[in-house]
Amino acid sequence: MKSVLVTRPEPGATRTAQRLADLGFQPLVLPLSAIKPLPIPQVSGHYDAVAFTSANALRHVREEFLATLYDLPCFAVGSSTAQIARAKGFKQVLSGNGDGLSLAAQINNSTSENARILYLTGRVRAPQFEDILGQSGRRVIAIPVYDTILNHYEADYLAQFFEPSPVDICLLYSKRGALALLAVIGKANAHHLFENAQFLCLSDNIAHIVSDQGFRHVHVARVQDEAGLFELLHT
């Protein structure tokens, strides 16, 4: 039975572990970060659409605030986020291909040039999505609704967690998650347990972080969501 390291935050980590167990893998659950909701400032004015580049924004924003947006066109980064948006109550949901660049292109193709886009996001985020929309004339109003906090594990705990068997597969969802995992491997002095591991990454940028540290078996998902990562489990 192959072991699969799951480092994403809860509650996603438990859901992923169950999916892996159902497929016959041995999940190793070590959430390297946690999601903390942030207070939402007063939001006023007219908006033409709302955008989400992470399902965490949908999961952690207050329901009473989210309900005021259900009549707006909703642009979701990928199919999983779109599914959550529909379940929450959004009536018109359009899905990107799993990354912020394709979502920005879809918004540009689906809205007027002077559209005002309410962007519910994390405190730490890449700038490209907002930059592309801004350059096309859209006005993006970004509201951070959650923060990602790194979890702390003692070196002794990590050493016991990883020993004695090598890790077969690692799932990596973000650049920050990849950097956190590399830091944990170093802290636990566990590099030897990952030498032959398969690192399954959501994007090329994540893969570069891992391969730059000398790991050889690095793969990038064809589609940038968890389904894409799970496709790589069988390659």
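**Here's the deal with the packing of aromatic side chains**
So, step 1. The full count for this structure, using the stated rule, is nine aromatic pairs.
So, step 2. Ring plane angle 75° and centroid distance 5.3 Å describe the contact between Phe162 and Phe194, whose orientation is recorded as edge-to-face. Here Phe162 is found in helix H7 (residues 155-162), whereas its partner Phe194 is found in the loop between helix H8 (175-187) and strand E10 (198-201), with 32 residues between them in sequence.
So, step 3. Given a relative accessible area of 3%, Phe162 falls into the buried group.
So, step 4. One aromatic cluster is present, built from ring pairs that chain together Tyr153, Tyr157, Phe161, Phe162, Phe194, Phe199 and Phe215.

**Re the pairing of strand E4 (residues 49-52)**
So, step 1. Of the two faces of E4, the one lined by Ala49 and Ala51 and the one lined by Val50 and Phe52 are each fully buried.
So, step 2. Of the pairings in the sheet, the one linking E4 to strand E5 (residues 74-76) comprises three bridges and is parallel in character. Its bridge partner lying in E5, Val50 is registered against Cys74.

**What about the sheet that holds strand E6 (residues 93-95)?**
So, step 1. Judged by pairing direction, the sheet is mixed, and its six strands sit side by side in the order E3-E8-E7-E4-E5-E6 without closing on themselves. Edge positions in the sheet fall to strand E3 (33-37) and E6, since each of these pairs with one other strand and no more. Pairwise comparison of adjacent strand axes, ignoring direction, gives a mean angle of 25° for this sheet.
So, step 2. For E3 and strand E8 (residues 139-150), the ladder comprises five bridges, and the chain directions are antiparallel. When the sheet's bridge partners are listed, Pro37 is paired in E8 with Tyr146.
So, step 3. Sitting on the sheet, helix H5 (residues 100-110) touches E4, E5, E6 and strand E7 (116-122), and the angle it makes with E5 is about 155°.

Reading the values: rules and limits
- Residues numbered from 1 in each chain as written.
- Predicted model: local features only at pLDDT ≥ 70, side-chain atom pairs only at ≥ 80, totals over all residues.
- Heavy atoms only, no water.
- Phe/Tyr/Trp six-rings, centres within 6.5 Å; stacked < 30°, edge-to-face > 60°.
- Helix = DSSP H or I, 4+ residues; strand = E, 2+ residues; numbered from the N terminus.
- Buried < 20%, exposed > 50% of the residue type's maximum accessible area, 1.4 Å probe, protein only.
- Pairing = 2+ DSSP bridges.
- Axes fitted to C-alpha atoms, helices over the stretch in contact; angles between N-to-C directions.
- Contact = heavy atoms within 4.5 Å.

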